[in-house]
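Structure at a glance
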Amino acid sequence: FLHDLNDVDALQEILRDCVVGCCSLAAGEIIRPVLHWPFLLALSSFVPTPRIILLCCPRELQVSNIQLNKMAPINTPEEVVAAEQEPGAVFLDVRGEDEVKADSLQARPFKQAKCSLDDCSELMNKAETLLPDKSAPVIIFCRSGRRAGKAKEVLEQKGYKKVLNAGGVKDLSYLS
């Protein structure tokens, strides 16, 4: 491991034997690796801003086993508004009850079933009761769109035909 991060030659030697991934973080975000990395280098002296973190792991680690928490695609406001106009359209909040109480969608009635990136069991158990018509549009939202993306996958696997990820509750301000 490097003791002196200013040793560029030693850094290049280590990086040559690594699979490298980079992510840019907003202030206050926390890195939650999906596996235990052999080492983590914060290279603020080598990168344009200290918000860039470089993660390295041995090359023999199978990259196909790494699950990146990518942001699910979010539907456009136009798509959401069009879906809302269809008969039986339902807004679904997949945040926890405490989050919903703190900041709920005021512009439209909605149903709620918790779904996290790791556990969508509540949504899976309540889906048929909350959303009996599998052909009606389901417009899902959460805080940022990540959990809504996971919920979208779950509902599509259960046979729902038109499921949209509307992003975060604050993203729906255009519905007022």
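Relevant structure appears above.
Residues numbered from 1 in each chain as written. Predicted model: local features only at pLDDT ≥ 70, side-chain atom pairs only at ≥ 80, totals over all residues. Heavy atoms only, no water.

Focus: the packing of helix α4 (residues 121–130) against helix α5 (residues 146–157)
Remark: α4 packs on α5, axes separated minimally by 10 Å, with the N-to-C direction vectors making an angle of 50 degrees. Classified by the angle between their axes, α4 and α5 sit oblique to one another. Here α4 and α5 pass one another in a crossing that is right-handed. Between α4 and α5, the contacting residues are L123, M124 and A127 on the first element and A151, V154 and L155 on the second. A breakdown of the residues in the contact of α4 with α5 according to their chemical character gives 6 nonpolar, no polar and no charged. (Axes fitted to C-alpha atoms, helices over the stretch in contact; angles between N-to-C directions. Helix = DSSP H or I, 4+ residues; strand = E, 2+ residues; numbered from the N terminus. Parallel < 35°, antiparallel > 145°, perpendicular 65-115°, else oblique. Left-handed = near helix turned anticlockwise from the far one by under 90°. Contact = heavy atoms within 4.5 Å. Nonpolar A, V, L, I, M, F, W, Y, C, P; charged D, E, K, R; others polar.)

Describing the nonpolar core
One finds L92, L123, L131, I140 and L155 to be the most contacted residues of the largest nonpolar core, which totals 19 residues. Where this core is concerned, the elements lending two or more residues are β4 (90–93), α4, β6 (138–142) and α5. The element contributing the most residues to this core is α5, with 4 residues. Those residues within four positions of L131 in sequence are excluded, and the remaining contacts are V90, L92, V138, L155 and Y160. Membership of the second largest hydrophobic core comes to 11 residues, among which are F91, I139, F141 and A166. (Core = buried A, V, L, I, M, F, W, Y, C linked by side-chain atoms within 4.5 Å. Buried < 20%, exposed > 50% of the residue type's maximum accessible area, 1.4 Å probe, protein only.)

Structural notes on the state of the cysteines
Following the criterion strictly, the structure yields 1 disulfide and no others. Bridging C115 to C120, the disulfide has an S-S length of 1.8 Å. Judged by its relative accessible area of 1%, C115 is buried. Exposure remark for C120: the relative accessible area of 7% places this residue in the buried category. With no disulfide partner, C142 has as its closest neighbouring cysteine sulfur the one in C115, 8.9 Å distant. Residue class for C142 comes out buried when judged on its relative accessible area of 0%. (Disulfide = S-S within 2.5 Å.)

Any link to function would need more than the numbers given here.
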